[in-house]
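Structure at a glance
Okay, here's what each chain looks like letter by letter:
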There are 2 protein chains.
Amino acid sequence: MQDHFVHVQCGDCPIRHRAVCARCETDELAQLEQIKYYRSFQAGQTIIWSGDRMEFVGSVVSGIASLTQTMEDGRRQMVGLLLPSDFVGRPGRSTAAFDVTATTDVVMCCFRKKPFETLIAETPHIAQRLLEMTLDELDAAREWMLLLGRKTAREKIASLISIIARREAALHKKKSSGQLSVDLPLTREEMADYLGLTLETVSRQISALKKDGVITLEGNRHVSIPDLDRLLEEAGDDTDGGMLV
Amino acid sequence: MQDHFVHVQCGDCPIRHRAVCARCETDELAQLEQIKYYRSFQAGQTIIWSGDRMEFVGSVVSGIASLTQTMEDGRRQMVGLLLPSDFVGRPGRSTAAFDVTATTDVVMCCFRKKPFETLIAETPHIAQRLLEMTLDELDAAREWMLLLGRKTAREKIASLISIIARREAALHKKKSSGQLSVDLPLTREEMADYLGLTLETVSRQISALKKDGVITLEGNRHVSIPDLDRLLEEAGDDTDGGMLV
DNA sequence: CCGTCACTTTGACGCAGATCAACCTTTGGA
DNA sequence: TCCAAAGGTTGATCTGCGTCAAAGTGACGG
């Protein structure tokens, strides 16, 4: 079934959209093209406020956005990290349930919500593809719940680094070329919001992992991983890291 | 769109399945009937082991099942709570990613996976309905992540009680009849696994909420809620509890 | 009727991570 | 070139929850 679908490169998007897959031969592409437009956001800018009316759905073309929830007293938890090709929005619901914020500068490929919903209703493949993507996200959310509920600070940091490494590797489809290295796209505070920690604890645990030789730092943001298995062990992940390399 | 779908009461199931919705007039129902069968599980029995081949998908007819993840050293986190009408399984994936366990005695209405997938491919409405359900689960998972990452033990307990109250209210479609009261379907240990706590902390916080008059206990499992707003306030939930009543 | 077993409660104590605070490093703009 | 602001590190202290331990409470079977 999956092989019937292709990733659509719509117009000038540098990234193939997982969101807008369709059978190669159909005219769905043309329909998608008609309702599509681009929006750019600066780093730090809020793309959608929780409770806002959602006028569009779409996918991230470049940059990184995050889904967050905030309590009245300011406690904040990240509940989704959106990398290029990730889909935003939910057909069938009119208001957003979470804040969406541009972590870096972000370009989104948007589709007006109404026509997109019509398209879904008429085009089974898109609904099936969205279902597949949503199930992937749900699985990821559940792994994330184990992290939040049961892992130690050190395990959380190790997990985050290997998650980012895994997603980056998947995106670029590159095999592990000797030394594995990753750019952390998040500030310490954003990592803390991801992991359910404070930024001080994040900083301390990164320092500890560095001191123990599990990772190497070049600057604040760039991490090299001399021994991936060691990192995965530190992450406490029993799911084998086979997907990563 | 939603109103085109009806809940199908398949055969002798006491609960209407959200999972098998279809347009009233189609013959999809007949197809579903053909591939459907029932399975019963005793309390404590494992329905599916993580990593197992999934032979079926299905929905919970009666009883309560839980989705859990366990680390090598035994730390356990619940990542899904399945009440009657909830769907289990994921079309398009052959092995289970999480353990599914019967918390109480459970009856499931199962569909053999292959034919069900074929049905999905041919029947857009089912895929759309599954998408809708999966998006709901994803939203719930994200609320859960806020709970795990940022809430205090007391807030977690208050949240759990109001979540169960909400789901029970939604299931029975009953309005709040004066005093709101709930049966906790979980042991203290299962609540701890849900909330990312230990069973001792769960017990202590329940006692504290009782002492402070937020809840009343009749036996260990039955909770009465004299003031719902008070409970929601204790839960730290900014999402208004409007759905609950 | 009692003993066992599963579940729960309660207490004492310790520690991982939060909090508060000071200082360092990098970046960008006037 | 310097200053200011944002981001990051590190230290001292505090505390919420985990850990270990013991005793209480049904429920069920013999």
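Keep in mind the model is a prediction, meaning the values are calculated, not measured.

The phi dihedral of Ser85(A) falls on the positive side, at around 90°, and the residue is not glycine. Its place among the elements puts Ser85(A) in the loop between strand E7 (76-82) and strand E8 (87-88).

A word on the pairing of strand E5 (residues 56-62) of chain A. All names here are of chain A. Extensive coverage of E5 is indicated by the burial of six of its seven residues. Inspection of the sheet shows E5 paired to strand E10 (residues 106-112) by six bridges, in the antiparallel sense. In the sheet register, Val60 faces E10, and the bridge partner there is Met108. Pairing between E5 and E8: two bridges, direction antiparallel. Across the sheet, the residue bridging to Ser59 is Phe87, located in E8.

Attention now goes to the protein's contact with DNA strand D. Around DNA strand D sit 17 residues in total, of which Arg188(A), Arg204(A), Ser207(A), Thr201(B) and Arg204(B) are the nearest. The protein-proximal atoms of DNA strand D, defined as those within 4 Å of the protein, are 62% sugar or phosphate. Here Arg188(A) contributes a side-chain N or O atom positioned 2.7 Å from a phosphate oxygen of DNA strand D. The side chain of Asn220(A) places a nitrogen or oxygen atom 3.2 Å from a sugar or linking oxygen of DNA strand D. Secondary-structure elements contributing two or more residues to the surface near DNA strand D are helix H6 (199-211) of chain A together with helix H6 (199-211) of chain B. The leading source of residues in the surface near DNA strand D is H6(A), at five residues.

This next bit is on the state of the cysteines. All names here are of chain A. For the structure shown, the criterion picks out zero disulfides over all chains. Here Cys110 is not cross-linked by a disulfide; its sulfur's nearest cysteine counterpart is in Cys109, at 6.8 Å. The exposure class of Cys110 is buried, given its relative accessible area of 0%.

Around DNA strand C, the structure places 17 residues, and the nearest of them are Ala153(A), Thr201(A), Arg188(B), Ser203(B) and Ser207(B). Of what DNA strand C places within 4 Å of the protein, 62% of the atoms are sugar or phosphate. In this structure, a base nitrogen belonging to DNA strand C sits 3.3 Å away from a side-chain N or O atom of Glu200(A). Within the contact set of DNA strand C, a base oxygen lies 2.8 Å away from a side-chain nitrogen or oxygen of Arg204(A). Elements supplying a minimum of two residues to the surface near DNA strand C: H6 of chain A together with H6 of chain B. At five residues, the largest contribution of residues to the surface near DNA strand C is made by H6(B). A breakdown of the residues in the surface near DNA strand C according to their chemical character gives three nonpolar, eight polar and six charged.

What counts as what
Residues numbered from 1 in each chain as written. Chains lettered and ligands numbered in written order. Predicted model: local features only at pLDDT ≥ 70, side-chain atom pairs only at ≥ 80, totals over all residues. Heavy atoms only, no water. Helix = DSSP H or I, 4+ residues; strand = E, 2+ residues; numbered from the N terminus. Buried < 20%, exposed > 50% of the residue type's maximum accessible area, 1.4 Å probe, protein only. Pairing = 2+ DSSP bridges. Near = heavy atom within 4 Å. Polar contact = N/O pair within 3.5 Å; in protein donor to acceptor, adjacent residues only side chain to side chain. Disulfide = S-S within 2.5 Å. Nonpolar A, V, L, I, M, F, W, Y, C, P; charged D, E, K, R; others polar.

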